[in-house]
Every structure is written in C-alpha cells, then in structure tokens.
Amino acid sequence: MNSKDLKPFYNVGPGDYIVDFLDSFGWTQSDLAEVTGISTKTINLLINNKQGITPDTAITLEKVFGTPADFWIEVDAQYQIRKKEEQNSEKNELTAKKAMLRKYMPVAEMKKKGWFLYDIDTLEGIELECLRVFNRKDIPEEEYKQDYKFCARQTNFDYEYTRWYSKTWFEYAKLNASSFELPKYNKQKLLMIAKNLFSYTLRPNGVTDLINDLQSCGVGFFVLSHLQKTYLDGAAFISNNNPFVVYTCRYDRIDNFWFVIAHEIAHILNHYDFLNEPILDNLDEKAESEREIQADTFAGMYLNQEQVIAAGKQYGKYLNASRLQLISEQTKVSIPVALGMLQHFGILDWRQFVKYKEHAKNQIPAELIKG
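Below, the structure is looked at part by part. (Residues numbered from 1 in each chain as written. Predicted model: local features only at pLDDT ≥ 70, side-chain atom pairs only at ≥ 80, totals over all residues. Heavy atoms only, no water.)

**A few points about the pattern of salt bridges**
Point 1. Enumeration according to the criterion identifies 17 salt bridges in this entry.
Point 2. The shortest N-O distance in the salt bridge between glutamate 171 and lysine 174 comes to 3.4 Å. Taken as a pair, glutamate 171 and lysine 174 lie in helix H10 (residues 159-177) at a separation of 3 residues, close to a single helical turn.
Point 3. What makes glutamate 171 buried here is its relative accessible area of 7%.
Point 4. Taken together, the shared-partner salt bridges in this structure form one network comprising Glu143, Lys167, Glu171 and Lys174. (Salt bridge = Lys/Arg side-chain N within 4 Å of Asp/Glu carboxyl O. Helix = DSSP H or I, 4+ residues; strand = E, 2+ residues; numbered from the N terminus. Buried < 20%, exposed > 50% of the residue type's maximum accessible area, 1.4 Å probe, protein only.)

Here you go:
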C-alpha cells in the first residue's frame, strides 16, 4: 500500500506541533505571542488549527522553533487536504466511482439504451448495478486490464476501448442470457437446422420459425445492440450449459441477419469446446484465424452461398430483376439474402435493387430485443 493511502486516526495539524514545541520549551501561548509579536488570539487560532499557515507565519515559526518554513507549509497543506477529504468523503467516493464506470463503459450510450437498472449517478446506484452485473460492488478493474482476447476477429481501431467496451457488452449479454430457461442443448437438432437454414429465408415467418427452433434444441437467441467502438455483429457463448447466439443488428438488413446467425451457429457446431471464452464477431474484418475462416465457410454452406455467387457471375452485368428472381428459385434462398451475397462479393452494386432489401429487427419478437 502506498504511504499516501494511509489515513491517520487523528488529523494532525500544525497547531499540534506548536503545542508540542511549547510543552518542550515550557512556554505558554502568551510567551509565544510575546516572542513572535503575533496576537494571543491568532496564536490560539493556530494552535486549534483554525487558521492556516501563511508564508510569513511559517518563516516566523522557523526562527522560533528551528524547523524549516516549508515544514509548516507542508503540514498545514496536508491537514487541509485531509480535512476536505473527510468533509467530502462520500462526494469524493462517488466522483471516483463515476470516473471508473466511464473509463470502461460508454455510460451515456448505455443510459440512452436503458441498460442500467439503477441510478448510476448515485453511489448506491453504482454499487447495486455492479452487484447485478459483476457480483461485487465495484468495477473489476483487474479483469478489464487483463489481456482479454476474444476468440474472434476485431477491428484494431482504438483497441483499448474496443476491448474494454467489448467486455462490458459481453457482461450485459451474459446477464440477459441468465434469465432464459431452455431445454438441454441438442447438437443433432441444431445440425439439422443448420443444414436447412437456407430454407428458412424463404418462409413468410422464417425469422421467428428459426428462433423457435433454436430454442427447442437448447440454443438461446436475443438481440443486444452493439456499443460504440466495439463494431460487433454477433456473438456465441455458453451460459448455464446452453449455447447462445446474440445478434447486434449493427446493420439492420435481413441478409446480414442470416449470415451472422449462420456464422454463430457454425461456431457452436464446430467450436463448442472453445466457447468457455466468448466469440465476439466483427464480420467487417477479414477472417484470419482458422476458426473464423471455418465459421465463414460453414455459414456460406448453410446459405447456399456458392451456388448464389456462381449464378450471379453467370449473368454478370446483365443481371436484372427477373434473373434475380430466377437465382432465388434455383438456389432456394430468398431474394434479399441472395441480393446481399451478390452485393457483398461485388457482383452487384449496393445501390441496385433497393426495393428488395428488408430490415431484420422488425421481424424479431419484441421480447427478444434486450436493448
């Protein structure tokens, strides 16, 4: 512990030292007043630490007691600081905890999204929120400062805050996951869903059908929006022995939804043993690790991506609305999803066929959108 962190039981001020000197000299306050020319009233105020030590007073005390002037200035300064700390201890503690919270969390954004259950502008509220999320009354700073690497690709931009905010996002994702009651995870059922994932894209209620089927085989799903500087599209992790898929809706497009879900399902099926650490995905970044490349490959297989791309290249610049419809029928993938693939791989411009684009968020049950 640093010596500055040690707080005395009694706040010693310059007056206490003056009393000690007077006792050792056998002097009274009147004696000191007569020697220094300082009034008895002022001497009494100094002895009771009710008047600060000025440079002139410090020099006078140096001449009388043989102590350096800066000793008296320092003793008085430390006394005044401790006095203020004692008077404003709760305010100072609140300031410190609010600063700590904002260091690791984008507080304003999280407030706006309604992520906080308690009033984090109060000391009690911060402690209750930390208890809810971290099971302790403060931010586990030692965990945030660890070299905590998520099992996925992430942007390198502003990495420190990307990592810290990503951890905060994951802690709230875990908190939301803990409220789910799911059956035991059934890998074979999930595998069947994955193999037929393309067919869900054609159903009128394909999104809700998929979510219900995922839950029936013990896989949780919900939406938790990304936080600034995290650039997250989705995540896969385990909570209470059940795998979870989380979608951030960073790009609110139905083609993005299906690819992110396919990617996270691929992680669960192929990398379940690694999910003791969360897989947080920023799918803007190029896949470099073996697991990410594998998840991308399987996601493409689940959505008949190779067939869609081949058909799109066949038509090239002559790809019109009727041919886009034909590609959808041939590959058994919905038009918006096929369109998204063709645009992602540069076969079509993003500005083409805007009328076929669909939002994803409005197709997800409201109770599964957590903020």
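And the narrative resumes.
**A look at the pairing of strand E1 (residues 220-223)**
Point 1. Both faces of E1 are covered, namely the face carrying Gly220 and Phe222 and the face carrying Phe221 and Val223.
Point 2. In terms of strand pairing, E1 meets strand E3 (residues 242-247) through 4 bridges, oriented parallel. Within the sheet, the bridge partner assigned to phenylalanine 221 lies in E3 and is valine 245. (Pairing = 2+ DSSP bridges.)

**Structural notes on the nonpolar core**
Point 1. Counting 91 residues, the largest nonpolar core has Met105, Trp169, Phe221, Tyr247, Phe257 and Trp258 as the members making the most contacts within it.
Point 2. Ranked by residues supplied to this core, first place goes to helix H14 (residues 254-271) with 10 residues.
Point 3. Ignoring sequence-local partners within four residues, the contact set of phenylalanine 221 consists of Phe180, Ile211, Gln215, Phe244, Val245, Tyr247, Phe257, Ile261, Ile364 and Leu368.
Point 4. Ile18, Ile38, Leu46 and Ala58 belong to the second largest nonpolar core, which has 16 residues in total. (Core = buried A, V, L, I, M, F, W, Y, C linked by side-chain atoms within 4.5 Å. Contact = heavy atoms within 4.5 Å.)

**Brief notes about the pairing of strand E2 (residues 234-239)**
Point 1. Taken across its 6 residues, E2 has 5 buried, putting it largely inside the fold.
Point 2. Where E2 and E3 come together, 6 bridges link them in antiparallel fashion. Note that in E3 the partner of serine 239 across the bridge is asparagine 242.
Point 3. Turn length for the E2-E3 hairpin, with the two strands adjacent in sequence and antiparallel, is 2 residues, and the turn residue asparagine 240 shows positive phi of about 55°.
Point 4. In this sheet, strand E4 (residues 279-281) lies alongside E2 in antiparallel orientation, the contact comprising 3 bridges. Residue pairing in the sheet places alanine 235 in a bridge with leucine 280 of E4.

**Focus on helix H15 (residues 290-302)**
Point 1. Across its 13 residues, H15 extends 18 Å between first and last C-alpha, which sits within 8% of the 18 Å expected from 1.5 Å per residue.
Point 2. Of the residues making up H15, those classed as buried are Glu292, Ala295, Ala299, Gly300 and Tyr302. Mapping the buried residues of H15 onto a view down its axis gives an arc of 160°, with all of them on the same face. Exposed side of H15, more than 90 degrees from the buried face: Glu290 and Met301 are the residues found there.
Point 3. Turning to H15, the residues buried within the fold contact helix H11 (187-195), helix H12 (197-200), H14, E4 and helix H16 (305-315).
Point 4. Asparagine 304 lies just past H15 and shows a positive phi near 55°. (Expected span 1.5 Å × (residues − 1). Arc of directions from axis to C-beta.)

**Looking at the packing of aromatic side chains**
Geometrically, a pair of aromatic rings is defined through the distance of the ring centres and the angle of the planes.
Point 1. Per the counting criterion, the structure on display carries 26 aromatic pairs.
Point 2. Between phenylalanine 21 and phenylalanine 25, the ring centres sit 6.4 Å apart and the planes meet at 65°, which makes this aromatic pair edge-to-face. Separated by 4 residues within a single helix, phenylalanine 21 and phenylalanine 25 lie in helix H1 (residues 14-25), roughly one turn from each other.
Point 3. A relative accessible area of 37% means that phenylalanine 25 is categorised as partly exposed. (Phe/Tyr/Trp six-rings, centres within 6.5 Å; stacked < 30°, edge-to-face > 60°.)

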